[in-house]
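Single-letter residue listing:
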Amino acid sequence: RSRNGHEPEFLQAVQEVAETTIPYISQNKIYNGKNILLRMVEPERLISFRVSWIDDKGEIHVNRGYRVQMNSAIGPYKGGLRFHPSVNASILKFLAFEQVFKNSLTTLPMGGGKGGSDFDPKGKSDDEVMRFCHSFMAELCRHIGPNTDVPAGDIGVGAREIGFLFGMYKKIRNEFTGVLTGKGLSWGGSKIRPEATGYGTVYFAENMLKTRDETIEGKQVVISGSGNVAQYAAEKVIQLGGRVLTLSDSGGYIHDKDGIDEEKLAWVMDLKNNRRGRISEYAEKYSGATYHKGETPWSVPCDIALPCATQNELDGKDAESLVKNGCICIAEGANMPSTPEAIHVFNEARVLFAPGKASNAGGVATSGLEMSQNSLRISWTREEVDQRLRGIMEDIHSSCIEYGMESDGYCNYVKGANIAGFVKVADAMLAQGVI
Ligand code: NDP
């Protein structure tokens, strides 16, 4: 804490893991007394660099770029890049730390990392985004590689940005390798990668519901966000017969009592991915919907809640409102969207609650499958990737049950995910010695 006191998000993520793993460590001789958690919380490397770029008017801007290489005990660093004005070392360290446990849970050989910049792609032209990405990669390319560190997308980094980043990496290094995931289908991308985080979150929720003999069909579902994760979580819920009531962005949320069907969702995807508009426009387009400026959707009664926007977007009061209104299952699509107070409320109420490191791991798992396909120089079918994704989500769910079951039969998924993720990384670190 004394070393990272100015990093609140990082401390929050570490505290959650420490609370659940320290009792486990002290009961297990092989981990006890090895300062293993202390070693895990210190990044192996944190790179910070200048990114200068020129806007369409010829003006020069300077942003800060980062890559946090957190832990490579079980494989090359792997984790997304985030472009958002809020990005700083604390946020990236929290994300990289979470990523270590998440990647371990996928059962694939991937270490943990995260990176990004305080650059805001909102309101920038395609050319400006391209110039920024090229400048960012001109430095980042020294630190990454298909066997070293393989970045992907995150908030503000989608297919467009990955394309620009990959183009510059290829030009400088003169090699066509799987150094980034989330690539376009015609140049090394995997089928189902854009869908994977959202689909995986819903597959995980299906597994959770199954423990109570429930399914998604007929359930009322509240989703936050309207980016990559939210869009495909909504698509899968609709396919499985659930009713999606809300979507949001940083301006507010829309509530459609009639449900957001496939056609309306296609309109949202075009709005967000092509026209880069605001979710408020939904309520202008569809008369049955209302827009709630500056609010989050957690007061809307529902059976299932899927927070898919950003960290700390669901607090203790929101959690109380969800529980009071009958919500039985919360699966995080975003990273750390629920505050510690909210998680406490869910656990006390004994409702099903899955932390992002378990329920949103489908994205990085499919990135791992993209890396495998790149190495083998083959491309699996949509069905094959989807089937593997379903299998991985089921396995992660089983690991959570194995380590998270309480004596009263309630599964504490936070504890289960933290311990299951910890064991594999800790074993590898112990085997490799103190380095
Ligand atoms: P996108 O950039 O595609 O979408 C982000 C969405 O969240 C947008 O609707 C955005 O609204 C909203 N949002 C962002 N910041 C805030 C904020 N401060 N307050 C309220 N709303 C906000 O990102 P993704 O969908 O890729 O990522 C969403 C979450 O999922 C993140 O936590 C990310 O780390 C996590 N995640 C993503 C994975 C992936 O594969 N993409 C994998 C695993 C986790 P606006 O447009 O107004 O900014």
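Residues numbered from 1 in each chain as written. Predicted model: local features only at pLDDT ≥ 70, side-chain atom pairs only at ≥ 80, totals over all residues.

> For this particular structure, what's the right way to read the sheet that holds strand E6 (residues 220-223)?
Sheet strands pair by backbone hydrogen bonding; their relative direction is either parallel or antiparallel. Pairing is mixed in the open sheet, where seven strands are placed in the order E9-E8-E7-E6-E10-E11-E12. On the outer flanks of this sheet lie strand E9 (289-293) and strand E12 (352-354), each paired with one strand and no other. Along the sheet, successive strands turn relative to each other by an average axial angle of 15°, direction set aside. Bridge count for strand E11 (residues 329-331) against E12 is three bridges, and the pairing is parallel. (Pairing = 2+ DSSP bridges. Helix = DSSP H or I, 4+ residues; strand = E, 2+ residues; numbered from the N terminus. Axes fitted to C-alpha atoms, helices over the stretch in contact; angles between N-to-C directions.)

> Can you walk me through the pairing of strand E8 (residues 252-256) in this structure?
Successive residues of a regular strand alternate their side chains across the two faces of the sheet. Pairing analysis gives four bridges linking strand E7 (residues 243-249) to E8, with the strands arranged antiparallel. Its bridge partner being in E8, serine 248 is matched across the sheet by tyrosine 253. Here E7 hands over to E8 after two residues, the two strands then running antiparallel side by side. Relative to E9, E8 runs antiparallel, the two sharing five bridges. Within E9, the residue paired with tyrosine 253 across the bridge is histidine 292.

> Please clarify how unusual backbone geometry should be interpreted in this entry.
The bulk of non-glycine residues show a negative phi, and the bulk of peptide bonds are trans. Phi angles above zero are rare outside glycine, and asparagine 35 is one such case at about 50°. Secondary-structure assignment places asparagine 35 in the loop between helix H1 (8-27) and helix H2 (36-40). Unusually for a residue other than glycine, arginine 377 sits at a positive phi of about 55°. A residue is classified by how many C-beta atoms lie within 10 Å of it, and arginine 377, with 8 of them, is exposed. (Buried ≥ 20, exposed ≤ 12 C-beta atoms within 10 Å, placed from the backbone.)

> Help me understand the nonpolar core, please; the structure alone is not making it clear to me.
For soluble globular proteins, the rule of thumb is that nonpolar side chains tend to be buried together. Membership of the largest hydrophobic core comes to 99 residues, with the highest contact counts inside it found for Ile223, Ala233 and Ile330. The next biggest cluster of nonpolar side chains, apart from the first, holds 21 residues, and it includes Phe132, Val150, Ala152 and Val157. (Core = buried A, V, L, I, M, F, W, Y, C linked by C-beta atoms within 7 Å.)

> Any chance you could explain the site of the ligand here in plain terms?
In the neighbourhood of the ligand, 24 residues make up the surrounding shell, with Gly227, Asp249, Ser250, Ala334 and Gly363 lying closest. Top element by residues in the shell around the ligand is helix H7 (residues 228-239). It accounts for three residues. When grouped by side-chain class, the residues that make up the shell around the ligand number six nonpolar, 15 polar and three charged. Built from parts of two domains, the shell around the ligand gets at least three residues from each of domain 1 (44-190) and domain 2 (194-359). (Near = placed C-beta within 6 Å. Nonpolar A, V, L, I, M, F, W, Y, C, P; charged D, E, K, R; others polar. Domains from an automatic or database assignment.)

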